[in-house]
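# Secondary and tertiary structure notes
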Amino acid sequence: MEQMDGRCSQRNFSLLLFLVVLQDTKEEVSEKPKPAPSAEKFGWIKKSSGGLLGLWKDRYVQLRKTQLVVYEDEDMPLKARYMEVLITTREKEAFKDEQKCIETVELESYDKCQELRALLKKKNRFILIRSPGKKVHDIKFQASTLEEKESWIKALNEGINRGKNKIFDE
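Throughout what follows, the structure given in this document is the object of discussion. Bear in mind the structure is a predicted one, so any value in this text is a computation, not a measurement.

This part covers the packing of aromatic side chains. Summed over the entire model, instances satisfying the criterion amount to two aromatic pairs. The interplanar angle of 65° and the centroid separation of 5.8 Å between the aromatic rings of Trp44 and Tyr60 together place this pair among those described as edge-to-face. Here Tyr60 lies in strand β2 (residues 56-64) and Trp44 lies in strand β1 (residues 41-48), a separation of 16 residues in the sequence. A ring pair is formed by Phe126 and Phe141, whose centres lie 5.3 Å apart and whose planes are at 25°; its orientation type is stacked.

Next comes the structure, spelled out in structure tokens:
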């Protein structure tokens, strides 16, 4: 490895290599990245912030067996996979905050997912309803179409059931 003015360390080289490979990969992949190998359902949906005003933000989500993993953008899972291959454990820690998901929802803490009926008749909304006694909040989502809403409700209820069965299997 050639050093540039003596300032190019192994860490900087690894970072540069990571960024170059990531850029090359982004150009080679299709418009939508492949989901993580274990993702059963994935895509863009709106998620409520849960506050009094209930701000809605687009989020890229992946359903992975008994977890719902939420990202700010759909490149995050792709970046994380390449990071694991290209850089060392210490370097991973430096990128940890940038590369990780913004939220992981354990579906075993929820009772069901169902359509959300609202006064303002917002369409295609659904809600994860917490199980009694669990210290989590209900989570509201909005899909872009009726079909997508129904598909998410079905998939999330299946994830909830897997999570509850996992507890009984232990």
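Right, let's get into the nonpolar core. Membership of the largest hydrophobic core comes to 19 residues, with the highest contact counts inside it found for Leu68, Leu107, Phe126, Leu128, Trp152 and Leu156. Those elements giving two or more residues to this core turn out to be β2, β3 (67-71), β5 (110-115), β6 (125-130), β7 (139-142) and α4 (146-169). Ranked by the residues each element gives to this core, the list is headed by α4, at five residues. The residues touching Leu156, leaving out its near neighbours within four places in the chain, are Leu63, Leu68, Leu107, Cys113, Phe126 and Leu128.

You will see that Lys65, though not glycine, has its phi angle at about 55°, which is positive. For Lys65, the location among the structural elements is in the loop between β2 and β3. You will see that Asn124, though not glycine, has its phi angle at about 65°, which is positive. Checked against the element boundaries, Asn124 lands in the loop between β5 and β6.

Thresholds applied
Residues numbered from 1 in each chain as written. Predicted model: local features only at pLDDT ≥ 70, side-chain atom pairs only at ≥ 80, totals over all residues. Heavy atoms only, no water. Phe/Tyr/Trp six-rings, centres within 6.5 Å; stacked < 30°, edge-to-face > 60°. Helix = DSSP H or I, 4+ residues; strand = E, 2+ residues; numbered from the N terminus. Core = buried A, V, L, I, M, F, W, Y, C linked by side-chain atoms within 4.5 Å. Buried < 20%, exposed > 50% of the residue type's maximum accessible area, 1.4 Å probe, protein only. Contact = heavy atoms within 4.5 Å.

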